[in-house]
Amino acid sequence: MVLSYLAPNIESRLSYKSEFNQKVFETVEIDEILNNDSEDTFLKLLKTFLNKNAISGVQPKTLALVIDKETLVLKEYIVKTWGEEYPCLAQNEYFSMKAVEKAGVKIPNIQLSKNRKFLLVEKFNYQKEKDEYLGFEEVLVLQGKNRDKKYSGSYEQVAKIIYAVSTDKVYSISQYYKTMVMNYLLKNGDAHLKNFGVLYDNDFKNINFSPAYDIVNTVVYVYRDKPALTMFGKKVWWGKEELVRFGVVHCYLSKVQASKMYEECIEAIKATKNELEEEMRKDKAFQNIGLKMLETWNLSLDKKTYKELPLETVRHWNKSKKS
């Protein structure tokens, strides 16, 4: 019944017939969302596009049909916001994703709203030139698992399946490897099986690693957080030696290639740190989370392995919070 109601309104590579008629949705100008990022605006978007929503996750989010008033191009965006439990999550994800992009990994088009309450993420499975949707499949499904198993498995298994299904294996495995290095450097403990996927066209001639998505620094909210899946049998924040070894043994890279890619990721972190510091100067409400992000990234820059955050770092955070 639920699928019958939603099916006519969800557009993707596959479509479904239903006893219900397709709903006509109003569109929203992108500037209206970016400049009016209030709780009322989010609730309005949620209500307007309720029949088009089929996205899951802990973070409050909604799909929206957004039009650029200058180009008049209509696009689907995911509008993400946050609550008290995860303060400044939009900024956290924005700068984490921008760091990933600087490392040479393809990401969706993202925009941060004026008051930093919303992160707008353009859906990446639509090809405007051909006016068609690409297929998208999560690694979770490729492994034949249900969503309650998204935290089971290893990054080695993900590498194996990405390499197996991809048509451009060099591109896909390189993109995956850099994404994994960035997840460790950024301290993203939520890189589970639903957060990796492949895109493919209708004739399956092109099947490759999708743009990276849903990457945030999780340890700033849960300081004991660890990687979502295992690497080398453990959930540990591995350093340079192990991450390069992962690239060589499981991503089919030479040691020179893996080391070069790792260093490119390090440089991406350094470059993004400057932008993060500038954001902290502009937005005092972001300073606490921004400082924690900087400190965890600094740990990554020393290239060592950490089982969890050093106790002195956590004590400093607690002291800063009290003051």
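Residues numbered from 1 in each chain as written. Predicted model: local features only at pLDDT ≥ 70, side-chain atom pairs only at ≥ 80, totals over all residues. Heavy atoms only, no water.

### Let's talk about the overall build of the protein
And step 1. Scanning the protein from terminus to terminus reveals eleven helices and ten strands.
And step 2. The burial tally for the protein puts 51% of its 323 residues in the buried class.
And step 3. Here the contacts in the protein between residues at least 6 apart in sequence split such that 65% fall between residues at least 24 apart.
And step 4. Accessible surface, the protein: about 16500 Å² in total, of which carbon and sulfur atoms supply 51%. (Helix = DSSP H or I, 4+ residues; strand = E, 2+ residues; numbered from the N terminus. Buried < 20%, exposed > 50% of the residue type's maximum accessible area, 1.4 Å probe, protein only. Contact = heavy atoms within 4.5 Å. Areas by Shrake-Rupley, 256 points an atom, 1.4 Å probe, with all protein chains shown as cover.)

### Some details on the nonpolar core
And step 1. Counting residues in hydrophobic clusters, the biggest one holds 78 residues, and the most contacted among them are Tyr155, Tyr176, Tyr177, Met182, Phe196 and Phe246.
And step 2. In contact with Tyr155, other than residues within four places in its own chain, are Tyr176, Met180, Tyr184, Ala191, Phe196, Pro227, Ala228, Leu229, Thr230, Met231 and Phe246.
And step 3. Ranked by size, the runner-up nonpolar core spans 14 residues in total, among them Ile33, Phe42, Phe49 and Phe118. (Core = buried A, V, L, I, M, F, W, Y, C linked by side-chain atoms within 4.5 Å.)

### Some remarks on the packing of aromatic side chains
And step 1. For the structure shown, the criterion picks out 18 aromatic pairs.
And step 2. Summarising the aromatic geometry, the rings of Phe42 and Phe118 are spaced 6.1 Å apart at their centres and angled 50° between planes, so their arrangement reads as tilted. You can see Phe42 sitting in helix α3 (residues 39-48) and its partner Phe118 sitting in the loop between β4 (110-112) and β5 (119-122), a full 76 residues away along the chain. For the residue pair Phe42 and Phe118, the accessibility class agrees, reading buried in each case. (Phe/Tyr/Trp six-rings, centres within 6.5 Å; stacked < 30°, edge-to-face > 60°.)

### Observations regarding the sheet that holds β5
And step 1. Across the sheet, which stays open at both edges, the five strands sit in the order β1-β2-β3-β5-β4 with mixed pairing between neighbours. In this open sheet, the two strands that pair with only one neighbour each are β1 (28-29) and β4.
And step 2. Helix-sheet contacts for helix α4 (residues 89-102) involve β3 (74-80), β4 and β5, and the interaxial angle to β4 is about 140°. (Pairing = 2+ DSSP bridges. Axes fitted to C-alpha atoms, helices over the stretch in contact; angles between N-to-C directions.)

### Re the environment of Phe246
And step 1. Assignment of secondary structure puts Phe246 in helix α8 (residues 240-250).
And step 2. By relative accessible area, Phe246 is classed as buried at 0%.
And step 3. Sequence separation between Phe246 and Tyr155 is 91 residues, and the spatial gap between their C-alpha atoms is 9.2 Å.
And step 4. Not counting chain neighbours up to four residues away, the residues in contact with Phe246 comprise Tyr155, Glu156, Ala159, Tyr176, Tyr177, Met180, Met231, Phe232 and Cys251.

### A short note on the sheet that holds strand β9 (residues 197-200)
And step 1. With respect to topology, three strands assemble into an open sheet ordered β8-β9-β10, the strand pairing being antiparallel. Each edge of the open sheet is held by one strand with a lone partner, namely β8 (135-138) and β10 (207-209). Each neighbouring strand pair of the sheet contributes to a mean axis angle of 25°, computed without reference to strand direction.
And step 2. Pairing geometry for β9 and β10, over three bridges, is antiparallel.

### Quick look at the environment of Gln127
And step 1. Mapped onto the elements, Gln127 comes out in strand β6 (residues 126-127).
And step 2. Expressed as a C-alpha distance, the spacing of Gln127 and Asp201, which sit 74 residues apart in the sequence, is 10.0 Å.
And step 3. The residues touching Gln127, leaving out its near neighbours within four places in the chain, are Glu132 and Leu134.

### Some words on the side chain of Thr48
And step 1. Within the element layout of this structure, Thr48 appears in helix α3.
And step 2. The class for Thr48 is buried, based on a relative accessible area of 16%.

### As for the confidence of the model for the protein
And step 1. When pLDDT is averaged across the protein, the result is 90; 88% of the residues are at 70 or more.
And step 2. Contacts of residues 1-10 to residues separated by more than four positions or lying in other chains number 22 contacts, the stretch itself having pLDDT below 50. (pLDDT = per-residue confidence, 0-100.)

### What to know about the packing of α4 against helix α9 (residues 255-282)
And step 1. Two elements in contact, α4 and α9, have axes whose closest approach is 8 Å; the angle formed by their N-to-C orientations is 150°. One element, α4, and the other, α9, form an angle in the roughly antiparallel class. Of the two possible hands of crossing, α4 and α9 adopt the one that is right-handed. Facing Gln91, Phe95, Lys98, Ala99 and Lys102 of α4, the residues of α9 in contact are Ala268, Ala271, Thr272, Glu275, Leu276 and Glu279.
And step 2. The residue inventory of the contact of α4 with α9, partitioned by class, reads five nonpolar, two polar and four charged. (Parallel < 35°, antiparallel > 145°, perpendicular 65-115°, else oblique. Left-handed = near helix turned anticlockwise from the far one by under 90°. Nonpolar A, V, L, I, M, F, W, Y, C, P; charged D, E, K, R; others polar.)

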